[in-house]
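What follows is the residue order along each chain.
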Amino acid sequence: MNPVYHQAKFINSSPHLRDTPEDQGMEVAFAGRSNAGKSSAINTLTRQNGLARISKTPGRTQMLNFFEINERQRFVDLPGYGYAKVPLAVKKQWHELMETYLTSRKSLCGIILVMDVRHPLTEFDWQMIEWCEHTGLPLHILLTKADKLNYGAAKNTLLQIQKELRDANFPLTIQLFSSLKKTGVDEVHAALDQLFTPKESEQNVDTFLSEQ
């Protein structure tokens, strides 16, 4: 477990990129279908029950929500997609906001893709996986609500997804997770540590700047 993630704090909510924090440092974005347990996962791994808004109405996360860990690292909660009973025009707006963020945000260093273990690999999930593979962006898949299945069934789902993605040609990791039981938190923290580790080129830039 890495206690640094427990100090995360909400800093900004924006429906447009122009209102977001300055595009510097490193960001890990949380993506997932509405009602997959994204907000609960963020709250659990930060040990803050009210950090990310949880609603019984899927689709409440309609903006980019930024959480500061420290001056160099942030979490970004992306709009939930797919399930919400909202007008098509609103869904289109959410999709365009995510697409713009994903393709233009320079500080984005990794994706946590949240899936309900009972309903994995939806069309949206595949789109995100294919986008990460196309760009080479590291992806960590979180199979949430693992407590809703017995261990054997949850483990079988994990193995099946690992099998389906075994030929993926980019950094990809997968795990089971339960916000209710608080299981899998250490694994998420370890994955975040990896995602937030600067690549060699970024380290060289930081070293160069520090010497000026």
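Now for a description of the structure that goes with this document. (Residues numbered from 1 in each chain as written. Predicted model: local features only at pLDDT ≥ 70, side-chain atom pairs only at ≥ 80, totals over all residues. Heavy atoms only, no water.)

Observations concerning unusual backbone geometry
Then step 1. Although it is not a glycine, N35 sits at a positive phi angle of roughly 75 degrees.
Then step 2. Within the secondary structure, N35 is located in the loop between β2 (26-32) and α1 (38-46).
Then step 3. Notably, L121 is not glycine yet its phi reads approximately 55 degrees, a positive angle. (Helix = DSSP H or I, 4+ residues; strand = E, 2+ residues; numbered from the N terminus.)

Concerning helix α3 (residues 123-135)
Then step 1. Between the first and last C-alpha of α3 there are 19 Å, a value that for 13 residues agrees with the 18 Å anticipated at 1.5 Å per step.
Then step 2. For α3, the set of buried residues is F124, D125, M128, I129 and C132. An end-on view of α3 places all buried positions within 140 degrees of arc, on one side of the element. Seen from the open side of α3, the exposed residues pointing more than 90 degrees away from its buried face are E123 and H134.
Then step 3. Positive phi shows up at G136, right after α3, with a value of about 80 degrees. (Expected span 1.5 Å × (residues − 1). Buried < 20%, exposed > 50% of the residue type's maximum accessible area, 1.4 Å probe, protein only. Arc of directions from axis to C-beta.)

Considering helix α4 (residues 151-164)
Then step 1. Over its 14 residues, α4 extends 20 Å from the first C-alpha to the last, a length consistent with the 20 Å expected when each residue adds 1.5 Å.
Then step 2. Taken as a whole, α4 has its buried residues at A154, T157, L158 and I161. On an axial view of α4, the arc spanned by its buried residues comes to 100 degrees, and they lie on one face.
Then step 3. Of the surrounding elements, those touching the buried residues of α4 are β6 (139-144) and β7 (172-176).
Then step 4. A side-chain oxygen of the first residue of α4 lies 3.2 Å from the backbone nitrogen of G152; this N-cap is N150. (Contact = heavy atoms within 4.5 Å. Polar contact = N/O pair within 3.5 Å; in protein donor to acceptor, adjacent residues only side chain to side chain.)

Let's talk about the pattern of salt bridges
Then step 1. As enumerated under the stated definition, the model contains 7 salt bridges in all.
Then step 2. Residues participating in the shared-partner salt-bridge network are D23, E27, R74 and R105. (Salt bridge = Lys/Arg side-chain N within 4 Å of Asp/Glu carboxyl O.)

Concerning the environment of G37
Then step 1. Secondary-structure assignment places G37 in the loop between β2 and α1.
Then step 2. For G37, a relative accessible area of 18% gives the class buried.
Then step 3. In the structure, G37 is positioned 107 residues away from T144 in sequence and 6.5 Å away in space, judged by C-alpha atoms.
Then step 4. Those residues in contact with G37 that lie beyond four places of it in its chain are V114, T144 and K145.

Examining the side chain of H140
Then step 1. The residue H140 is located in strand β6 in this model.
Then step 2. A relative accessible area of 4% places H140 in the buried class.
Then step 3. Only 2.9 Å separates the side chain of H140 from the side chain of Q175, close enough to count as a polar contact.
Then step 4. If we skip the residues at most four places from it in the chain, H140 touches I111, I112, L113, T173, I174, Q175 and A191.

Overview of the pairing of β6
Then step 1. In terms of residue burial, β6 counts as a mostly covered element, since 6 of its 6 residues are buried.
Then step 2. Where strand β5 (residues 108-116) and β6 come together, 6 bridges link them in parallel fashion. Across the sheet, the residue bridging to L113 is I141, located in β6.
Then step 3. Once the chain exits β5 it traverses α3 before rejoining the sheet at β6, and the crossover so formed is right-handed. (Pairing = 2+ DSSP bridges. Right-handed = clockwise from strand over helix to strand, strands pointing away.)

Things to note about the environment of I161
Then step 1. Note on placement: I161 falls in helix α4.
Then step 2. Using a relative accessible area of 2% as the deciding quantity, one classes I161 as buried.
Then step 3. Once the C-alpha coordinates of I161 and L143 are considered, the two residues, 18 residues apart in sequence, prove to be 9.9 Å apart.
Then step 4. Once residues within four sequence positions are removed from consideration, I161 is found in contact with P120, L121, L143 and I174.

Points about the sheet that holds β2
Then step 1. Taken in spatial order, the 7 strands of this open sheet run β1-β3-β4-β2-β5-β6-β7, and their pairing is mixed. Every interior strand has two partners, whereas the edge strands, β1 (9-14) and β7, have only one. Taking each pair of neighbouring strands and ignoring which way they run, the sheet shows an average axis angle of 20 degrees.
Then step 2. As judged from the 5 bridges shared by β2 and strand β4 (residues 73-77), these two strands associate in the parallel manner. Note on β4: the bridge partner recorded for F30 is D77. (Axes fitted to C-alpha atoms, helices over the stretch in contact; angles between N-to-C directions.)

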